[in-house]
Each structure stands twice: as structure tokens, then as C-alpha cells.
Amino acid sequence: MLAATVLTLALLGNVHACSKGTSHKAGIVCRITKPALLVLNQETAKVIQSAFQRANYPNITGEKAMMLLGQVKYGLHNIQISHLSIASSRVELVEAKSIDVSIQNVSVVFKGTLKYGYTTAWGLGIDRSVDFEIDSAIDLQINTQLTCDSGRVRTDAPDCYLSFHKLLLHLQGEREPGWIKQLFTNFISFTLKLVLKGQICKEINVISNIMADFVQTRAASILSDGDIGVDISLTGDPIITASYLESHHKAVLETWGFNTNQEIFQEVVGGFPSQAQVTVHCLKMPKISCQNKGVVVNSSVMVKFLFPRPDQQHSVAYTFEEDIMTTVQASYSKKKLFLSLLDFQITPKTVSNLTESSSESVQSFLQSMITTVGIPEVMSRLEAVFTALMNSKGLSLFDIINPEIITQDGFLLLQMDFGFPEHLLVDFLQSLS
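This is a predicted model, so every value here is computed, not measured.

So, the overall build of the chain: which residues are in play, and what are the values?
Broken down by element type, the chain carries seven helices and 18 strands. The buried share of the chain, taken over its 433 residues, is 40%. A total of about 22,800 Å² of accessible surface is found on the chain, and carbon and sulfur atoms cover 53% of it.

Summarise the state of the cysteines; cite the residues concerned and give the values.
Summed over the entire model, instances satisfying the criterion amount to one disulfide. Note that cysteine 160 is cross-linked by a disulfide to cysteine 201, the S-S spacing being 1.9 Å. One quick way to see it: the torsion about the S-S bond of cysteine 160 and cysteine 201 is about -80 degrees, and its sign makes the bridge left-handed. Taken as a pair, cysteine 160 in strand β6 (residues 152-171) and cysteine 201 in helix α4 (residues 178-222) lie far apart in primary sequence, 41 residues in all.

Account for a nonpolar patch on the surface, with residues named and values stated.
Together, Leu412, Leu414 and Met416 line one region of the surface with nonpolar side chains, adding up to about 270 Å² of accessible area. Locating leucine 412 in the fold gives a position in strand β18 (residues 411-418). Residue leucine 412 is classed as partly exposed on the basis of its relative accessible area of 39%.

Describe the side chain of histidine 77, listing the residues and the values that go with them.
Position of histidine 77 relative to the elements: it lies in strand β3 (residues 70-94). Within the structure, the side chain of histidine 77 is placed 3.3 Å from the side chain of asparagine 59, a separation counted as a polar contact.

Can you lay out the pattern of salt bridges for me, pointing to particular residues and giving the numbers?
Evaluation of the coordinates by the stated rule reveals four salt bridges. Across the pair lysine 166 and aspartate 135 runs a salt bridge, and its minimum N-O distance is 3.3 Å. Of this pair, lysine 166 sits in strand β6 while aspartate 135 sits in strand β5 (residues 125-149), and the two are 31 residues apart along the sequence.

Account for the sheet that holds strand β10 (residues 244-249), with residues named and values stated.
Strands pair in a sheet through their backbones, by hydrogen bonds, and they do so in one of two ways: parallel or antiparallel. Read across the open sheet, the three strands follow the order β1-β10-β9; overall the sheet is antiparallel. Only two strands of the sheet have a single neighbouring strand rather than two, namely β1 (28-33) and β9 (239-240). As defined by bridge partners, β1 adjoins β10 across six bridges and the pair is classed as antiparallel. Bridge assignment links isoleucine 32 to a residue of β10, and that residue is leucine 245. The strands touched by helix α2 (residues 34-41) within the sheet are β1 and β10, with β1 carrying the most contacts at an inclination of about 70 degrees.

Could you give an account of the confidence of the model for the chain, naming the residues involved and the relevant values?
Here the chain averages 76 in pLDDT, and 74% of its residues register 70 or above. Looking at the elements of the chain, mean pLDDT is at its lowest for helix α1 (residues 2-9), recorded as 40, and at its highest for β9, recorded as 90. Contacts from residues 1-17, a stretch scored under 50 in pLDDT, to residues over four places away or in other chains number 76 contacts. Counted against residues more than four places away or in other chains, residues 256-262, with its pLDDT under 50, gives 11 contacts.

What counts as what
- Residues numbered from 1 in each chain as written.
- Predicted model: local features only at pLDDT ≥ 70, side-chain atom pairs only at ≥ 80, totals over all residues.
- Heavy atoms only, no water.
- Helix = DSSP H or I, 4+ residues; strand = E, 2+ residues; numbered from the N terminus.
- Buried < 20%, exposed > 50% of the residue type's maximum accessible area, 1.4 Å probe, protein only.
- Areas by Shrake-Rupley, 256 points an atom, 1.4 Å probe, with all protein chains shown as cover.
- Disulfide = S-S within 2.5 Å.
- Patch = residues over 30% accessible without salt bridge, like charges linked within 9 Å, V, L, I, M, F, W, Y side chains within 5 Å.
- Salt bridge = Lys/Arg side-chain N within 4 Å of Asp/Glu carboxyl O.
- Polar contact = N/O pair within 3.5 Å; in protein donor to acceptor, adjacent residues only side chain to side chain.
- Pairing = 2+ DSSP bridges.
- Contact = heavy atoms within 4.5 Å.
- Axes fitted to C-alpha atoms, helices over the stretch in contact; angles between N-to-C directions.
- pLDDT = per-residue confidence, 0-100.

Next comes the structure, spelled out in C-alpha cells:
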């Protein structure tokens, strides 16, 4: 469960410093409710199975004095898992402390080779080797703490307990004396329990942090395209309450050599006669803000029209500089993004080479053309482009149910139900093998 939770939290992670304390200045707040955690918990078994199978079980050696036999030396070698199954798991959120995961009835069969030796009363050295199986039934309790380390989610499980309901030793062939089985079942069981506890708990913690790195690397790819990226590193430790898990992120837009796509702007002036040359320049980066009425985009553009004279030798240039504000509402349905234009305003700033009456006439025509032809065409193309971009990043692989995109003053609220991101878990488990 803890690794599955990290999988979701890490979707919003990157590498930057974390602030300490309870104050979180953030651009994105990601809240996972307890019902959502229960969805993630459905696939806990696969992660725990990987932890058991990846754990390195060292050889167990020692010796014990026995009546009549003297010192008996023994060793369990090449310990491996031949069978593993998990019955069920539960998750609880402990306020301001940890995510507590209980895993019941883990059935594990270990196999390996038992080597032992002793010297008889007549001075004869006896050395034997026999294959063995250990049939065990285990309950596992993991109390996991989540922290922020250099902007990333990190896990630590200081409390990890294994309870053995069954630990039976089976020797292949059963031709060895009965005291051999009794000796190694009774004496080795304590040592074996300590070894298994140490290795399994260690591996669970390792896998959780490997998963965090895996998903955060994937998230960095999802949230970037070309020269545009978003710094969504954690601003502090994740917050745990009894009903939800919450993380705070920077959400700072970063660009490297960003260039405005002139083709998009050309669309809004496509209605002019073909003999006229039209160029559009974005004077500054668009400013995007969230308000109750929608997502508001403010930008300044300069439009230059070049009309040929009748003699075809010279041209007359007319230049407009304008502030443009659009208000858009976004929605997501059937794995597609939809944009709705709620409001559109053009504010003239400067005009050159036009009389006042001509300027008003051209402005009126320009605004009419933009609102009725240009903007709908641009939005239609942006819907297709952004949907294709999100799908190329794997969003279409997620089972997103009843998504809502709600704009508020200063922030955007995304609410949804979801199915477990099975494709991410498959990719992760494959990366471990």
C-alpha cells in the first residue's frame, strides 16, 4: 500500500529543496482521500510479492551442542522463494504520523539446501546435505512515514513487524533421523524469523523509494514538452490526517528558449484577402490566471497589415497593437479535452497609418472576424493538439471517472474518481526484473 500511495504522490514530484514546518506556500495541492487510498490498496499484493522475491536471503550458519552428538554444525544455503500468496490487506491513516498497512495471511514456501555435520562417539565425522522446504504463514504490519527530501517524496518504515503463525521444516526424502528435523525446526526458527524480518522490511522500504524515483522521473516527462516544463517539487513533508493524504507543490512554469507559435496567431487573421500580407507578433508571454468565471488569458499582440498599391510597386503598412483577454472554461470527457469560450475582449493600444474612422472600421472588422471565425478555429485546433499531447504522455491509459475542472479565484480545482493506474504498476514491476 505504501508503495502504491507513493506512486500517486510522486506523480507530482521533482528535485528541489523542501521547507520545514507546517506552513506550505504552494501552487498545487494534491489531496488523496481515504476511499482513493482503498482503491490503491487493491494492488498492494503485487508490490509486497516483489519485495519478498527481491529480498536477498543470506545463508544461515551456526552450531549447537547436543547430548551424545557433541557439537553439531549446520547451515541453510541458497534460500529462495518457491511459492507466495497474499490473502488480504488493510490501510489506516494515523493523524500527523503514518500510513499503517496490515497484510494478513502471507503464505510463503522457502526452499534451499541444509548442510550439517558432527563427530560420533567413535570419532567418525558425519557430513550431510539435503534439500529442504520451509512452509510459513506470516502477518505483516508496516507503519510508514512520508517525508520530503530535496523536493521528492521519501518513505521510511521504522515500525515493521512480521508475525509467524506457522514455520515448518520439511526435509526431502525424510530418511534422516527425526531428531534432525526437530533440532532445526526448534533452534533455527528464531534465527530464521530475524533474518526474514530484517531482509523483507528492508526490501519493502527500498522498493517504495525506487518506485518514488521511477514515477517522479515519469512525471517529469509527462509535465514537460520541448522547451516548456513545470517545477512541481514538494514544498514540505506530505500531510497525513485520518481522512486524507495531502501534498503541496510549487507549480512554477519554466521555459527554455520559448518561441510563440506564429501559425496559431495567423489563424485569427485568415479572413483577409490573399493579396494582403499579415504578420502577428506576441509582444510578451501570455499571463494566465484562475478566476471564478474561468481561466483568463491576457496577452499583447502587434498585427501588421501590408496592402499592395495599385501600381504593385509599393505597399501600405497598417499596424495595430492590442491587449487581448480571453476567458475559457475547460472540461475533460471520454479521454478528450474540451475548451469553451466564455468571454473575449480586445483593447486597442496604438494604431499607425490609419485615420480615426478607418481605424474604427478595421478594428470592428478585426474583432468580428476573430470572435466568429478565428478563435473557434484556434480553440478547436488547441483541443486536438492538447488532447494528443496528453495522450502521448499516457493520460489516456488512466481510468478517469467523472472529472471536474472548477476554477476559483487564484486556483484551479480538479476533482475526479479514478481506477488504479495498472499500466504504471506493470511498467514499474518490469523495471525491477
